[in-house]
Amino acid sequence: MAATPAPLERFLGLWAEVSDLGTAAQALSWDQETQMPPKGHGARAEVLSSLAGLRHAKLSSAELHDAVEACAELADPDGVLAAQLREARRVLARVQRVPEELARAKAKAVSVGHEAWKAARQERDFSLFAHQLGHLVQLSREEAQAIAGPGGKPYDALLDLYEPGSREETLVPLFQELQSSLSAWVQAVRESGVRIDEGPLQGSFPVATQLEFARSMATRIGFDFEAGRLDRAAHPFCSGFAPTDVRLTWRATEEDLRPCLFGILHEAGHGLYEQGLPPEWARSPIGGAVSLGVHESQSRLWENLVGRSRAFWEWALPGLQQHFPSLRGTSLEEFWPPLHTVKPSLIRVEADQGTYDLHVIVRFDLERALFAGDLDVQDLPEAWDQAYERALGLRADHVGDGVLQDIHWSMAGFGYFPTYTLGNLIAAQLFAQVERDLGELAPSFRRGDFAPLLEWLRDRIHRHGSRFPASELVERATGRPLGPEDYLALRARDVEEVYGVTL
Ligand code: ZN
(Lines give C-alpha, C1' and ligand atoms only; values in the text may rest on other atoms or scores of the structure.)
Protein backbone atom coordinates (compact mmCIF):
# COMPACT_ATOMS: atom_id res chain seq x y z
CA MET A 1 0.00 0.00 0.00
CA ALA A 2 1.32 3.45 -0.91
CA ALA A 3 2.15 5.70 2.01
CA THR A 4 -0.07 8.77 2.39
CA PRO A 5 1.84 11.67 0.86
CA ALA A 6 2.99 14.01 3.62
CA PRO A 7 1.41 17.21 2.20
CA LEU A 8 -1.99 15.55 2.16
CA GLU A 9 -1.60 14.41 5.75
CA ARG A 10 -0.63 17.90 6.79
CA PHE A 11 -3.57 19.53 4.97
CA LEU A 12 -6.15 17.11 6.37
CA GLY A 13 -4.62 17.26 9.86
CA LEU A 14 -4.82 21.05 9.97
CA TRP A 15 -8.32 21.01 8.54
CA ALA A 16 -9.47 18.53 11.20
CA GLU A 17 -8.37 21.02 13.87
CA VAL A 18 -10.35 23.81 12.19
CA SER A 19 -13.33 21.51 12.00
CA ASP A 20 -12.98 20.50 15.67
CA LEU A 21 -12.98 24.12 16.80
CA GLY A 22 -16.20 24.61 14.85
CA THR A 23 -17.73 21.51 16.42
CA ALA A 24 -16.75 22.66 19.91
CA ALA A 25 -18.52 25.97 19.30
CA GLN A 26 -21.53 24.12 17.93
CA ALA A 27 -21.71 21.92 21.02
CA LEU A 28 -21.58 24.96 23.29
CA SER A 29 -24.28 26.68 21.24
CA TRP A 30 -26.46 23.58 21.50
CA ASP A 31 -25.92 23.59 25.24
CA GLN A 32 -26.80 27.29 25.36
CA GLU A 33 -30.16 26.62 23.70
CA THR A 34 -31.08 23.51 25.66
CA GLN A 35 -29.34 23.32 29.05
CA MET A 36 -27.55 26.49 30.06
CA PRO A 37 -29.01 28.51 32.93
CA PRO A 38 -30.05 32.09 32.01
CA LYS A 39 -27.16 33.68 33.88
CA GLY A 40 -24.60 31.75 31.81
CA HIS A 41 -24.93 33.98 28.75
CA GLY A 42 -22.06 36.37 29.40
CA ALA A 43 -19.53 33.67 30.21
CA ARG A 44 -20.62 31.57 27.25
CA ALA A 45 -20.30 34.49 24.84
CA GLU A 46 -16.64 34.88 25.91
CA VAL A 47 -15.87 31.22 25.26
CA LEU A 48 -17.59 31.24 21.88
CA SER A 49 -15.75 34.39 20.89
CA SER A 50 -12.38 32.82 21.80
CA LEU A 51 -13.19 29.68 19.84
CA ALA A 52 -14.23 31.74 16.81
CA GLY A 53 -10.97 33.69 17.09
CA LEU A 54 -8.89 30.50 17.24
CA ARG A 55 -10.71 29.05 14.26
CA HIS A 56 -10.23 32.25 12.29
CA ALA A 57 -6.52 32.32 13.12
CA LYS A 58 -6.08 28.73 11.94
CA LEU A 59 -8.00 29.41 8.73
CA SER A 60 -5.94 32.49 7.93
CA SER A 61 -2.58 30.89 8.77
CA ALA A 62 0.09 30.62 6.13
CA GLU A 63 0.63 27.04 7.32
CA LEU A 64 -2.83 25.94 6.20
CA HIS A 65 -2.67 27.95 3.00
CA ASP A 66 0.68 26.35 2.11
CA ALA A 67 -0.57 22.90 3.04
CA VAL A 68 -3.52 23.31 0.65
CA GLU A 69 -1.35 24.53 -2.20
CA ALA A 70 1.24 21.79 -1.63
CA CYS A 71 -1.51 19.27 -2.43
CA ALA A 72 -2.52 20.92 -5.70
CA GLU A 73 -0.19 18.84 -7.86
CA LEU A 74 -1.35 15.59 -6.26
CA ALA A 75 -4.94 16.12 -7.24
CA ASP A 76 -6.63 14.21 -10.03
CA PRO A 77 -9.06 16.86 -11.33
CA ASP A 78 -12.06 14.52 -11.06
CA GLY A 79 -11.05 12.92 -7.81
CA VAL A 80 -11.86 13.29 -4.15
CA LEU A 81 -8.75 15.34 -3.40
CA ALA A 82 -9.68 17.89 -6.06
CA ALA A 83 -13.04 18.26 -4.34
CA GLN A 84 -11.29 18.66 -0.97
CA LEU A 85 -9.14 21.43 -2.41
CA ARG A 86 -12.10 23.14 -4.10
CA GLU A 87 -14.00 23.32 -0.82
CA ALA A 88 -10.94 24.31 1.20
CA ARG A 89 -10.12 27.14 -1.20
CA ARG A 90 -13.70 28.37 -1.18
CA VAL A 91 -13.68 28.65 2.62
CA LEU A 92 -10.17 30.12 2.75
CA ALA A 93 -10.97 32.74 0.11
CA ARG A 94 -13.82 34.05 2.27
CA VAL A 95 -11.48 34.37 5.22
CA GLN A 96 -8.48 35.76 3.39
CA ARG A 97 -10.25 38.36 1.27
CA VAL A 98 -11.98 40.03 4.20
CA PRO A 99 -9.73 42.46 6.10
CA GLU A 100 -9.56 41.55 9.75
CA GLU A 101 -10.76 44.99 10.81
CA LEU A 102 -13.91 44.57 8.73
CA ALA A 103 -14.54 41.08 10.11
CA ARG A 104 -14.24 42.42 13.66
CA ALA A 105 -16.50 45.42 12.93
CA LYS A 106 -19.10 43.10 11.50
CA ALA A 107 -18.99 40.68 14.43
CA LYS A 108 -19.54 43.64 16.76
CA ALA A 109 -22.34 45.06 14.60
CA VAL A 110 -24.08 41.67 14.69
CA SER A 111 -23.97 41.51 18.44
CA VAL A 112 -25.21 45.11 18.86
CA GLY A 113 -27.72 44.73 16.02
CA HIS A 114 -29.20 41.57 17.43
CA GLU A 115 -29.87 43.20 20.80
CA ALA A 116 -31.37 46.25 19.06
CA TRP A 117 -33.62 44.01 16.98
CA LYS A 118 -34.89 42.23 20.10
CA ALA A 119 -35.76 45.53 21.76
CA ALA A 120 -37.33 46.96 18.59
CA ARG A 121 -39.41 43.85 18.09
CA GLN A 122 -40.58 43.90 21.68
CA GLU A 123 -41.46 47.62 21.46
CA ARG A 124 -42.84 47.26 17.92
CA ASP A 125 -40.71 50.23 16.94
CA PHE A 126 -38.57 49.92 13.81
CA SER A 127 -36.68 53.14 14.57
CA LEU A 128 -34.92 51.34 17.45
CA PHE A 129 -33.30 48.99 14.92
CA ALA A 130 -33.07 51.10 11.74
CA HIS A 131 -29.63 52.56 12.41
CA GLN A 132 -28.07 49.21 13.34
CA LEU A 133 -29.68 47.49 10.37
CA GLY A 134 -28.27 50.15 8.07
CA HIS A 135 -24.86 49.48 9.57
CA LEU A 136 -25.25 45.72 9.10
CA VAL A 137 -26.24 46.17 5.46
CA GLN A 138 -23.30 48.47 4.84
CA LEU A 139 -20.73 46.17 6.47
CA SER A 140 -22.18 43.10 4.80
CA ARG A 141 -22.02 44.89 1.46
CA GLU A 142 -18.36 45.78 2.02
CA GLU A 143 -17.59 42.23 3.05
CA ALA A 144 -19.45 40.78 0.06
CA GLN A 145 -17.65 43.18 -2.27
CA ALA A 146 -14.29 42.09 -0.84
CA ILE A 147 -15.17 38.43 -1.37
CA ALA A 148 -16.66 38.91 -4.82
CA GLY A 149 -13.66 40.97 -5.94
CA PRO A 150 -13.66 43.70 -8.59
CA GLY A 151 -16.46 43.10 -11.09
CA GLY A 152 -18.01 40.39 -8.88
CA LYS A 153 -21.57 40.59 -7.61
CA PRO A 154 -21.88 41.25 -3.87
CA TYR A 155 -25.28 39.60 -3.47
CA ASP A 156 -23.90 36.42 -5.06
CA ALA A 157 -21.11 36.41 -2.46
CA LEU A 158 -23.79 36.50 0.23
CA LEU A 159 -25.76 33.66 -1.36
CA ASP A 160 -22.56 31.69 -1.66
CA LEU A 161 -22.17 31.48 2.10
CA TYR A 162 -25.36 29.44 2.45
CA GLU A 163 -25.84 27.99 -1.02
CA PRO A 164 -22.40 27.74 -2.62
CA GLY A 165 -22.53 28.32 -6.34
CA SER A 166 -26.02 29.83 -6.50
CA ARG A 167 -26.49 33.07 -8.42
CA GLU A 168 -29.01 35.85 -8.18
CA GLU A 169 -29.50 35.79 -11.96
CA THR A 170 -30.65 32.15 -11.90
CA LEU A 171 -32.78 32.49 -8.77
CA VAL A 172 -34.74 35.52 -10.00
CA PRO A 173 -36.52 33.85 -12.95
CA LEU A 174 -36.97 30.63 -10.96
CA PHE A 175 -38.62 32.45 -8.09
CA GLN A 176 -40.69 34.64 -10.41
CA GLU A 177 -42.20 31.61 -12.07
CA LEU A 178 -42.90 30.12 -8.67
CA GLN A 179 -44.45 33.29 -7.36
CA SER A 180 -46.88 33.70 -10.22
CA SER A 181 -48.09 30.08 -9.98
CA LEU A 182 -48.38 30.09 -6.19
CA SER A 183 -50.26 33.41 -6.23
CA ALA A 184 -52.67 31.99 -8.78
CA TRP A 185 -53.33 29.02 -6.48
CA VAL A 186 -53.90 31.27 -3.50
CA GLN A 187 -56.41 33.30 -5.49
CA ALA A 188 -58.17 30.21 -6.84
CA VAL A 189 -58.51 28.82 -3.32
CA ARG A 190 -59.85 32.12 -2.04
CA GLU A 191 -62.41 32.29 -4.86
CA SER A 192 -63.49 28.71 -4.28
CA GLY A 193 -65.01 29.68 -0.94
CA VAL A 194 -64.01 26.24 0.43
CA ARG A 195 -63.08 26.31 4.11
CA ILE A 196 -61.11 23.50 5.69
CA ASP A 197 -62.00 22.55 9.24
CA GLU A 198 -58.79 22.56 11.27
CA GLY A 199 -60.65 21.27 14.33
CA PRO A 200 -59.14 17.76 14.31
CA LEU A 201 -55.64 19.16 14.83
CA GLN A 202 -56.63 21.50 17.62
CA GLY A 203 -57.80 20.77 21.12
CA SER A 204 -56.02 19.73 24.27
CA PHE A 205 -53.09 17.36 23.68
CA PRO A 206 -50.74 16.68 26.63
CA VAL A 207 -47.25 17.70 25.56
CA ALA A 208 -45.54 14.61 27.01
CA THR A 209 -47.78 12.40 24.87
CA GLN A 210 -47.12 14.52 21.78
CA LEU A 211 -43.40 14.10 22.34
CA GLU A 212 -43.69 10.35 22.80
CA PHE A 213 -45.65 9.96 19.56
CA ALA A 214 -43.42 12.30 17.52
CA ARG A 215 -40.30 10.59 18.84
CA SER A 216 -41.65 7.22 17.74
CA MET A 217 -42.27 8.66 14.26
CA ALA A 218 -38.68 9.99 14.09
CA THR A 219 -37.42 6.52 15.04
CA ARG A 220 -39.65 4.91 12.45
CA ILE A 221 -38.37 7.04 9.57
CA GLY A 222 -34.85 5.98 10.53
CA PHE A 223 -33.38 8.52 12.96
CA ASP A 224 -30.89 6.66 15.16
CA PHE A 225 -31.23 7.70 18.80
CA GLU A 226 -28.03 5.83 19.64
CA ALA A 227 -26.33 8.48 17.49
CA GLY A 228 -28.51 11.44 18.40
CA ARG A 229 -30.60 13.22 21.01
CA LEU A 230 -33.84 15.17 21.13
CA ASP A 231 -34.12 18.03 23.63
CA ARG A 232 -36.56 20.83 24.24
CA ALA A 233 -35.63 24.35 23.11
CA ALA A 234 -37.35 27.65 22.33
CA HIS A 235 -36.69 27.15 18.62
CA PRO A 236 -36.41 23.83 16.84
CA PHE A 237 -33.08 23.13 15.14
CA CYS A 238 -30.66 20.34 14.25
CA SER A 239 -26.96 20.41 15.03
CA GLY A 240 -24.68 17.66 13.75
CA PHE A 241 -21.39 17.31 15.63
CA ALA A 242 -20.56 14.09 13.76
CA PRO A 243 -22.59 11.45 11.90
CA THR A 244 -22.59 9.55 15.19
CA ASP A 245 -23.75 12.51 17.31
CA VAL A 246 -26.66 14.56 15.99
CA ARG A 247 -28.73 16.83 18.21
CA LEU A 248 -32.36 17.73 17.48
CA THR A 249 -34.59 20.09 19.40
CA TRP A 250 -38.35 20.41 19.64
CA ARG A 251 -41.08 22.64 20.99
CA ALA A 252 -44.79 22.06 21.47
CA THR A 253 -48.04 23.72 22.28
CA GLU A 254 -50.81 21.84 24.02
CA GLU A 255 -53.52 23.32 21.76
CA ASP A 256 -52.23 22.20 18.38
CA LEU A 257 -50.63 18.94 17.25
CA ARG A 258 -48.69 20.42 14.37
CA PRO A 259 -45.70 22.30 15.87
CA CYS A 260 -44.38 19.32 17.83
CA LEU A 261 -45.08 16.54 15.37
CA PHE A 262 -44.10 18.26 12.15
CA GLY A 263 -41.30 20.15 13.86
CA ILE A 264 -39.74 16.86 14.95
CA LEU A 265 -40.24 15.22 11.56
CA HIS A 266 -38.61 18.27 9.99
CA GLU A 267 -35.60 18.24 12.31
CA ALA A 268 -35.32 14.45 12.04
CA GLY A 269 -35.10 14.95 8.26
CA HIS A 270 -32.12 17.24 8.82
CA GLY A 271 -30.79 14.68 11.30
CA LEU A 272 -31.02 11.78 8.84
CA TYR A 273 -28.86 13.76 6.46
CA GLU A 274 -26.28 14.44 9.19
CA GLN A 275 -26.26 10.79 10.28
CA GLY A 276 -25.80 9.71 6.65
CA LEU A 277 -22.78 11.91 5.93
CA PRO A 278 -19.66 9.96 4.94
CA PRO A 279 -17.69 9.00 8.09
CA GLU A 280 -14.51 8.52 6.05
CA TRP A 281 -14.51 12.24 5.18
CA ALA A 282 -15.45 13.46 8.67
CA ARG A 283 -13.56 16.62 9.75
CA SER A 284 -12.41 17.24 6.17
CA PRO A 285 -13.57 20.01 3.81
CA ILE A 286 -16.07 17.75 2.02
CA GLY A 287 -17.30 15.87 5.09
CA GLY A 288 -20.22 18.18 5.83
CA ALA A 289 -23.59 18.95 4.26
CA VAL A 290 -23.18 20.60 0.88
CA SER A 291 -25.56 23.55 1.27
CA LEU A 292 -28.46 24.84 3.31
CA GLY A 293 -30.80 24.33 0.36
CA VAL A 294 -29.93 20.64 0.16
CA HIS A 295 -30.17 20.39 3.96
CA GLU A 296 -33.60 21.97 3.89
CA SER A 297 -34.66 19.64 1.08
CA GLN A 298 -34.13 16.71 3.43
CA SER A 299 -36.15 18.20 6.29
CA ARG A 300 -38.99 19.29 4.02
CA LEU A 301 -39.08 16.01 2.19
CA TRP A 302 -39.64 14.07 5.42
CA GLU A 303 -41.92 16.67 6.98
CA ASN A 304 -44.13 17.44 4.00
CA LEU A 305 -43.82 14.85 1.27
CA VAL A 306 -43.77 11.94 3.70
CA GLY A 307 -45.30 13.26 6.93
CA ARG A 308 -48.21 15.09 5.34
CA SER A 309 -49.02 12.43 2.75
CA ARG A 310 -52.30 10.60 2.89
CA ALA A 311 -50.52 7.24 2.77
CA PHE A 312 -48.44 8.13 5.83
CA TRP A 313 -51.61 8.88 7.80
CA GLU A 314 -53.36 5.74 6.61
CA TRP A 315 -50.62 4.01 8.55
CA ALA A 316 -50.04 6.51 11.40
CA LEU A 317 -53.55 7.68 12.35
CA PRO A 318 -54.49 4.58 14.36
CA GLY A 319 -51.29 5.00 16.42
CA LEU A 320 -52.05 8.67 16.99
CA GLN A 321 -55.56 7.75 18.11
CA GLN A 322 -54.12 5.33 20.66
CA HIS A 323 -52.05 8.18 22.09
CA PHE A 324 -54.97 10.63 22.02
CA PRO A 325 -58.32 8.94 22.65
CA SER A 326 -60.10 12.23 21.85
CA LEU A 327 -59.19 11.62 18.18
CA ARG A 328 -60.77 8.18 18.03
CA GLY A 329 -63.85 9.45 16.22
CA THR A 330 -61.78 11.38 13.65
CA SER A 331 -61.58 9.87 10.17
CA LEU A 332 -58.73 10.18 7.71
CA GLU A 333 -61.03 12.30 5.56
CA GLU A 334 -61.31 14.78 8.42
CA PHE A 335 -57.70 14.59 9.62
CA TRP A 336 -55.76 14.88 6.37
CA PRO A 337 -57.16 18.04 4.64
CA PRO A 338 -56.12 20.50 7.39
CA LEU A 339 -52.51 19.37 6.82
CA HIS A 340 -52.80 21.06 3.42
CA THR A 341 -54.52 24.37 3.99
CA VAL A 342 -53.72 27.34 1.76
CA LYS A 343 -54.42 30.37 3.91
CA PRO A 344 -52.46 33.63 3.64
CA SER A 345 -51.01 34.70 6.98
CA LEU A 346 -48.51 37.25 8.24
CA ILE A 347 -45.90 35.12 9.96
CA ARG A 348 -43.48 33.07 7.88
CA VAL A 349 -42.69 30.41 10.46
CA GLU A 350 -46.40 29.68 10.89
CA ALA A 351 -47.21 29.73 7.17
CA ASP A 352 -48.69 26.70 5.42
CA GLN A 353 -47.11 24.97 2.46
CA GLY A 354 -49.34 26.78 -0.02
CA THR A 355 -48.09 30.23 0.97
CA TYR A 356 -44.69 29.66 2.59
CA ASP A 357 -42.61 30.44 -0.48
CA LEU A 358 -44.42 33.73 -1.02
CA HIS A 359 -43.05 34.87 2.36
CA VAL A 360 -39.56 33.87 1.27
CA ILE A 361 -39.79 35.63 -2.09
CA VAL A 362 -40.87 38.90 -0.39
CA ARG A 363 -37.68 38.80 1.68
CA PHE A 364 -35.51 37.81 -1.29
CA ASP A 365 -36.80 40.77 -3.33
CA LEU A 366 -36.38 43.23 -0.46
CA GLU A 367 -32.84 42.24 0.41
CA ARG A 368 -31.80 42.34 -3.22
CA ALA A 369 -33.19 45.88 -3.39
CA LEU A 370 -31.30 46.80 -0.21
CA PHE A 371 -28.01 45.49 -1.59
CA ALA A 372 -28.54 47.00 -5.02
CA GLY A 373 -29.00 50.38 -3.33
CA ASP A 374 -32.57 50.64 -4.66
CA LEU A 375 -34.13 50.66 -1.20
CA ASP A 376 -33.17 52.65 1.88
CA VAL A 377 -33.34 50.95 5.24
CA GLN A 378 -35.70 53.61 6.59
CA ASP A 379 -38.18 52.84 3.81
CA LEU A 380 -38.06 49.12 4.51
CA PRO A 381 -41.17 48.85 6.77
CA GLU A 382 -43.41 50.45 4.16
CA ALA A 383 -41.84 48.41 1.34
CA TRP A 384 -42.43 45.29 3.45
CA ASP A 385 -46.10 46.11 4.01
CA GLN A 386 -46.66 46.83 0.34
CA ALA A 387 -44.95 43.60 -0.67
CA TYR A 388 -47.15 41.61 1.73
CA GLU A 389 -50.28 43.24 0.37
CA ARG A 390 -49.27 42.32 -3.15
CA ALA A 391 -48.12 38.78 -2.37
CA LEU A 392 -50.59 37.71 0.31
CA GLY A 393 -53.27 40.39 0.48
CA LEU A 394 -52.47 41.17 4.12
CA ARG A 395 -50.93 44.06 6.04
CA ALA A 396 -49.45 43.64 9.53
CA ASP A 397 -50.90 45.73 12.39
CA HIS A 398 -47.42 46.44 13.69
CA VAL A 399 -43.77 45.92 12.68
CA GLY A 400 -43.39 43.05 15.17
CA ASP A 401 -45.61 40.97 12.89
CA GLY A 402 -44.09 42.65 9.84
CA VAL A 403 -40.54 43.58 8.99
CA LEU A 404 -39.17 42.70 12.45
CA GLN A 405 -40.53 39.15 12.67
CA ASP A 406 -37.38 37.27 11.58
CA ILE A 407 -34.06 37.01 13.37
CA HIS A 408 -31.97 36.64 10.17
CA TRP A 409 -31.26 40.24 9.20
CA SER A 410 -30.40 41.12 12.80
CA MET A 411 -27.53 38.64 12.50
CA ALA A 412 -26.50 39.83 9.03
CA GLY A 413 -28.00 36.66 7.55
CA PHE A 414 -28.57 38.30 4.16
CA GLY A 415 -28.87 35.72 1.39
CA TYR A 416 -30.14 33.02 3.75
CA PHE A 417 -33.88 33.10 3.00
CA PRO A 418 -33.73 31.73 -0.57
CA THR A 419 -32.38 28.43 0.77
CA TYR A 420 -35.78 27.64 2.32
CA THR A 421 -37.48 27.76 -1.07
CA LEU A 422 -34.61 25.98 -2.78
CA GLY A 423 -35.17 23.25 -0.19
CA ASN A 424 -38.80 22.88 -1.27
CA LEU A 425 -37.85 22.71 -4.95
CA ILE A 426 -35.04 20.21 -4.40
CA ALA A 427 -37.24 18.04 -2.15
CA ALA A 428 -39.94 17.82 -4.81
CA GLN A 429 -37.48 17.02 -7.58
CA LEU A 430 -35.81 14.30 -5.51
CA PHE A 431 -39.16 12.81 -4.58
CA ALA A 432 -40.30 12.72 -8.21
CA GLN A 433 -37.05 10.97 -9.13
CA VAL A 434 -37.17 8.38 -6.36
CA GLU A 435 -40.66 7.43 -7.51
CA ARG A 436 -39.40 7.15 -11.07
CA ASP A 437 -36.62 4.88 -9.84
CA LEU A 438 -38.49 2.78 -7.27
CA GLY A 439 -42.15 3.18 -8.27
CA GLU A 440 -44.84 4.82 -6.19
CA LEU A 441 -43.87 5.05 -2.52
CA ALA A 442 -47.39 5.30 -1.07
CA PRO A 443 -47.74 1.49 -0.70
CA SER A 444 -44.62 1.32 1.48
CA PHE A 445 -45.73 4.37 3.52
CA ARG A 446 -49.07 2.62 4.13
CA ARG A 447 -47.07 -0.15 5.82
CA GLY A 448 -44.97 2.31 7.78
CA ASP A 449 -41.94 1.29 5.74
CA PHE A 450 -39.65 4.21 4.95
CA ALA A 451 -36.43 2.29 4.39
CA PRO A 452 -36.52 2.29 0.56
CA LEU A 453 -36.78 6.08 0.49
CA LEU A 454 -34.04 6.55 3.10
CA GLU A 455 -31.71 4.15 1.29
CA TRP A 456 -32.22 6.08 -1.95
CA LEU A 457 -31.45 9.40 -0.22
CA ARG A 458 -28.39 7.90 1.47
CA ASP A 459 -27.12 6.76 -1.92
CA ARG A 460 -27.93 9.85 -3.99
CA ILE A 461 -27.43 12.65 -1.47
CA HIS A 462 -26.11 11.85 2.02
CA ARG A 463 -23.03 9.76 1.33
CA HIS A 464 -21.58 12.37 -1.02
CA GLY A 465 -21.10 15.05 1.64
CA SER A 466 -19.78 18.09 -0.22
CA ARG A 467 -17.96 16.07 -2.86
CA PHE A 468 -20.00 17.77 -5.63
CA PRO A 469 -21.39 21.32 -5.67
CA ALA A 470 -25.09 21.38 -4.71
CA SER A 471 -26.41 22.04 -8.21
CA GLU A 472 -24.32 19.17 -9.59
CA LEU A 473 -25.42 16.85 -6.80
CA VAL A 474 -29.09 17.54 -7.60
CA GLU A 475 -28.45 17.01 -11.29
CA ARG A 476 -26.62 13.75 -10.67
CA ALA A 477 -29.40 12.54 -8.38
CA THR A 478 -32.28 13.46 -10.68
CA GLY A 479 -30.80 13.61 -14.17
CA ARG A 480 -31.65 17.27 -14.70
CA PRO A 481 -30.93 20.75 -13.37
CA LEU A 482 -33.11 22.10 -10.61
CA GLY A 483 -36.44 23.48 -11.81
CA PRO A 484 -39.83 24.38 -10.35
CA GLU A 485 -41.91 21.79 -12.27
CA ASP A 486 -42.06 18.96 -9.74
CA TYR A 487 -42.78 21.28 -6.87
CA LEU A 488 -45.57 23.04 -8.74
CA ALA A 489 -47.04 19.68 -9.75
CA LEU A 490 -47.16 18.62 -6.09
CA ARG A 491 -48.76 21.90 -5.06
CA ALA A 492 -51.36 21.49 -7.82
CA ARG A 493 -52.14 17.95 -6.71
CA ASP A 494 -52.63 18.91 -3.06
CA VAL A 495 -54.77 21.95 -3.80
CA GLU A 496 -56.91 19.98 -6.20
CA GLU A 497 -57.43 17.14 -3.73
CA VAL A 498 -58.14 19.33 -0.73
CA TYR A 499 -60.01 22.24 -2.27
CA GLY A 500 -61.30 20.69 -5.50
CA VAL A 501 -59.74 23.59 -7.40
CA THR A 502 -57.85 23.43 -10.68
CA LEU A 503 -56.21 26.20 -12.66
ZN1 ZN B 1 -35.04 23.26 8.44
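Scroll up to find the structure.
No experiment lies behind these values; they were computed from the predicted model shown.

Asker: Explain the sheet that holds strand β1 (residues 228-232) residue by residue, including any values.
Answerer: The sheet built from three strands is open, its strands ordered β1-β3-β2 with mixed pairing. Each edge of the open sheet is held by one strand with a lone partner, namely β1 and β2 (238-242). Between one strand and the next, the sheet's axes are offset by a mean angle of 20°, whatever the strand orientation. Across five bridges, β1 lies against strand β3 (residues 245-250) in parallel orientation.

Asker: Can you tell me about the pattern of salt bridges, naming the residues and giving the values?
Answerer: The full count for this structure, using the stated rule, is 37 salt bridges. Residues K118 and E115 are paired through a salt bridge, measuring 3.4 Å at the closest nitrogen-oxygen approach. With K118 and E115 both in helix α5 (residues 100-123) and three residues apart, this pair spans about one turn of that helix. A residue is classified by how much of its surface remains accessible, and E115, at 46% relative accessible area, is partly exposed. With a closest N to O distance of 2.7 Å, R460 and D437 form a salt bridge. Placement of the pair is R460 in helix α18 (residues 451-460) and D437 in helix α16 (residues 418-438), with a sequence separation of 23 residues. Relative accessible area serves as the criterion here: at 34%, D437 is assigned to the partly exposed category. Taken together, the shared-partner salt bridges connect R86, E87, R90, R94 and D160 into one network.

Asker: Which residues make up the pairing of β2, and what values do they have?
Answerer: In this sheet, β3 lies alongside β2 in antiparallel orientation, the contact comprising four bridges. The residue bridging C238 from the neighbouring strand is L248, located in β3. The hairpin formed by β2 and β3 contains two residues between the paired strands.

Asker: Residue-level account of the packing of aromatic side chains, with values.
Answerer: For the structure shown, the criterion picks out 21 aromatic pairs. Measuring from centroid to centroid gives 6.4 Å for F431 and F445, while their planes differ by 45°, and the two rings are tilted. In this pair, F431 sits in helix α16 while F445 sits in helix α17 (residues 442-446), placing the two residues 14 residues apart along the sequence. Across this residue pair, the class does not change: F431 and F445 are buried. Both rings, one in F445 and one in F450, keep their centres 5.3 Å apart while their planes meet at 40°; by these two values the pair is tilted.

Asker: Before we move on, can you summarise the side chain of T341 with the specific residues and values?
Answerer: Summarising the element assignment, T341 is placed in the loop between α13 (332-335) and α14 (356-372). T341 gets classed as buried once you look at its relative accessible area, which sits at 8%. Apart from residues no more than four positions distant in its own chain, T341 is found in contact with I196, E198, D352, G354 and Y499.

Asker: Requested: an account of the environment of L272, with residues and values cited.
Answerer: Of note, L272 is situated in helix α10 (residues 258-275). In this structure L272 comes out as buried when scored by relative accessible area, which is 0%. In the structure, L272 is positioned 182 residues away from L454 in sequence and 8.3 Å away in space, judged by C-alpha atoms. With residues near it in sequence (within four places) discarded, L272 still touches I221, G222, F223, W302, L454, R458 and H462.

What counts, and at which threshold
- Residues numbered from 1 in each chain as written.
- Predicted model: local features only at pLDDT ≥ 70, side-chain atom pairs only at ≥ 80, totals over all residues.
- Heavy atoms only, no water.
- Pairing = 2+ DSSP bridges.
- Helix = DSSP H or I, 4+ residues; strand = E, 2+ residues; numbered from the N terminus.
- Axes fitted to C-alpha atoms, helices over the stretch in contact; angles between N-to-C directions.
- Salt bridge = Lys/Arg side-chain N within 4 Å of Asp/Glu carboxyl O.
- Buried < 20%, exposed > 50% of the residue type's maximum accessible area, 1.4 Å probe, protein only.
- Phe/Tyr/Trp six-rings, centres within 6.5 Å; stacked < 30°, edge-to-face > 60°.
- Contact = heavy atoms within 4.5 Å.

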